[in-house]
Structures are given as structure tokens and as C-alpha cells.
Amino acid sequence: LLLLSMLVANSARHVPLRAVFTKKKITNFMKSLDPDFSYRYFEGQMLSFLRMVIFSEDADRLSAFQGEERSAEFNDIIDMVYTGGMTVRSMQLTPELCRLELVAYTNDSYEVDGHIFVRNDRIAFTTERSRHIRPNPGFSITLVRCRSCGASFDASHQKCCPYCGNSYEMRADSWVITKAVLLR
């Protein structure tokens, strides 16, 4: 119990006070594009995609990762605990995209040279989606439909349809992460 209370207290010091305003800031920004926007759904989706990027052995194969910048230190992370805080670096609308640059506050366990240690981390990531879509709350990365042949497949670890080979562009259906780096 003492260890748990120390972990919670340490995590609370790690998350800046401005994280309290993130939910309202993002919700207000997104409401003009999606009146049904849910911050909880968005936050859960971002954490799920961020975990995929961090724990993937080959992030280039992920449909949820459409970028090139990924911290090599992610390869040493063996566990990630979201400490409940996220902050906004920037929010942009272009004619085609909605782009958010965010920082997630995590408590990560690392294994390096046979030694395990825990550290509070800040993970900066950029996420974007097509500006012209209405997100489908029933969207699942594990069951997408190929726009070329119509086949359904699991796109969580492959960017191309396994039936026709057509490239799947997840940005047209959902958010994707285009950058994920550790801040030191």
C-alpha cells in the first residue's frame, strides 16, 4: 500500500497542472469538425495506438503509424503506465488534415542489459486524420475493409490488404500517429 501511494504521488508530480485543461481544449477544437467528439474515446484510442508504436518490433508495418520518427529508446520499454495526463503542444487544421501535437505523461519500466528500472517519461507524439471524415465510433483497426477489393482484414500489423495487395490508408478512417519521441 505504501509503495502504491508513493507511485501515485510521484506520478502526480510528474504531470503538469496544465494537463487539467487538455480535455476542454481538445474537445472545443474538435467540436467544429465532429459535434459528437468524445475526449474519452479519443484518449483511449491515442493510448492504444501509442502502445502499438512503442511495443512494436516493426513500427513501419503498423497502419496506426504513418511516420518516420520513432525513438529508439522505445525498444527498451517493457511496460507503460499512463499517468492520466496529456498536454497540447499545438492543434492545426489544414485544408486536408486535422493535426494535434501532444505530450503523454507515462511511468515506464525499462530493461537494459538485464537491469530493470522505472522512470517517469514524457512522450511527444503527433496524430492526424483526414479533416473530411466523420469518425465511426464502431471503427476497429482489427476489422477494416479494403477500398480496392472489399475484403475485410486486420490492419493492426499490416498496411496492405492481404488479398489484393492494395495499400490501406488508415488516415481516411481514423487517427494515425505520425511521430512519437521521448522527451528528455
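Below, the structure is looked at part by part.

Parameters and conventions
- Residues numbered from 1 in each chain as written.
- Predicted model: local features only at pLDDT ≥ 70, side-chain atom pairs only at ≥ 80, totals over all residues.
- Heavy atoms only, no water.
- Helix = DSSP H or I, 4+ residues; strand = E, 2+ residues; numbered from the N terminus.
- Polar contact = N/O pair within 3.5 Å; in protein donor to acceptor, adjacent residues only side chain to side chain.
- Contact = heavy atoms within 4.5 Å.
- Phe/Tyr/Trp six-rings, centres within 6.5 Å; stacked < 30°, edge-to-face > 60°.
- Buried < 20%, exposed > 50% of the residue type's maximum accessible area, 1.4 Å probe, protein only.
- Salt bridge = Lys/Arg side-chain N within 4 Å of Asp/Glu carboxyl O.
- Core = buried A, V, L, I, M, F, W, Y, C linked by side-chain atoms within 4.5 Å.
- Pairing = 2+ DSSP bridges.
- Axes fitted to C-alpha atoms, helices over the stretch in contact; angles between N-to-C directions.
- Arc of directions from axis to C-beta.
- Patch = residues over 30% accessible without salt bridge, like charges linked within 9 Å, V, L, I, M, F, W, Y side chains within 5 Å.
- Areas by Shrake-Rupley, 256 points an atom, 1.4 Å probe, with all protein chains shown as cover.
- Lys, Arg positive; Asp, Glu negative; His and termini not counted.
- Charge placed at Lys NZ, Arg CZ, Asp CG, Glu CD.

Attention now moves to the side chain of T127. Locating T127 in the fold gives a position in strand β4 (residues 115-130). From its side chain, T127 meets the backbone oxygen of V176 in a polar contact 2.9 Å long. In this structure, T127 is in contact with F42, M46, C98, R99, L100, L102, W175, V176 and I177, ignoring residues within four places of it in sequence.

All right, on to the packing of aromatic side chains then. Taken as a whole, this structure holds 5 aromatic pairs when the rule is applied. When the centroid spacing of 6.3 Å and the interplanar angle of 45° are considered together, the rings of Y39 and F42 count as tilted. Here the residue Y39 and the residue F42 both occupy positions in helix α3 (residues 39-55), the gap between them amounting to 3 residues, near one helical turn. Overall, Y39 belongs to the buried group, its relative accessible area being 9%. Aromatic side chains F42 and W175 sit 5.2 Å apart centroid to centroid with 70° between the ring planes, which places their arrangement in the edge-to-face category. Placement of F42 in helix α3 and of W175 in the loop between β6 (152-153) and β7 (176-183) is noted, with a sequence separation of 133 residues between them. Put simply, the rings of F37, Y39, F42 and W175 touch in pairs and so form one group of aromatic residues.

Okay, the pattern of salt bridges next. Taken as a whole, this structure holds 6 salt bridges when the rule is applied. A salt bridge links E128 to R171, with the nearest nitrogen and oxygen atoms 3.0 Å apart. With a gap of 43 residues between them, E128 in strand β4 and R171 in the loop between β6 and β7 connect regions that are remote in the sequence. If you follow the salt bridges from partner to partner, you end up with R99, E128, E169 and R171 in one network.

In this structure, I26, F42 and F125 are the most contacted members of the largest nonpolar core, which totals 46 residues. Looking at which element gives the most residues to this core, the answer is α3, with 9 residues. Residues in contact with F42, not counting those within four places in the same chain, are I26, F37, L100, L102, T127 and W175.

What holds strands together in a sheet is hydrogen bonding between their backbones, with the strands either parallel or antiparallel. Pairing in this open sheet of 5 strands is mixed, and the strands run β1-β7-β4-β3-β2 from one edge to the other. Every interior strand has two partners, whereas the edge strands, β1 (65-70) and β2 (77-93), have only one. With strand direction ignored, the average angle separating the axes of adjacent strands in the sheet is 20°. Packing of α3 onto the sheet brings it into contact with β1, β2, β3 (97-112), β4 and β7, and relative to β2 it is tilted by some 120°.

For the rest of this paragraph, the subject is the pairing of β2. Taken together, the 13 bridges between β2 and β3 define a ladder with antiparallel strand orientation. If you follow M91 over to β3, its bridge partner there is L100. What sits between the antiparallel neighbours β2 and β3 is a turn of 3 residues.

Quick look at helix α2 (residues 22-31) now. Every buried residue of α2 is accounted for by T22, I26, T27, F29 and M30. Taken around the axis of α2, the buried residues stretch over an arc of 165°, which confines them to a single face. Relative to its buried face, α2 has exposed residues pointing more than 90 degrees away, namely K24 and N28. Contact partners of the buried residues in α2: α3, β2, β3 and β4.

Attention shifts here to a negative patch on the surface. Negative charge collects at one region of the surface, where E57, D58, D60 and E68 lie side by side. The exposed category is assigned to E68, whose relative accessible area is 81%.

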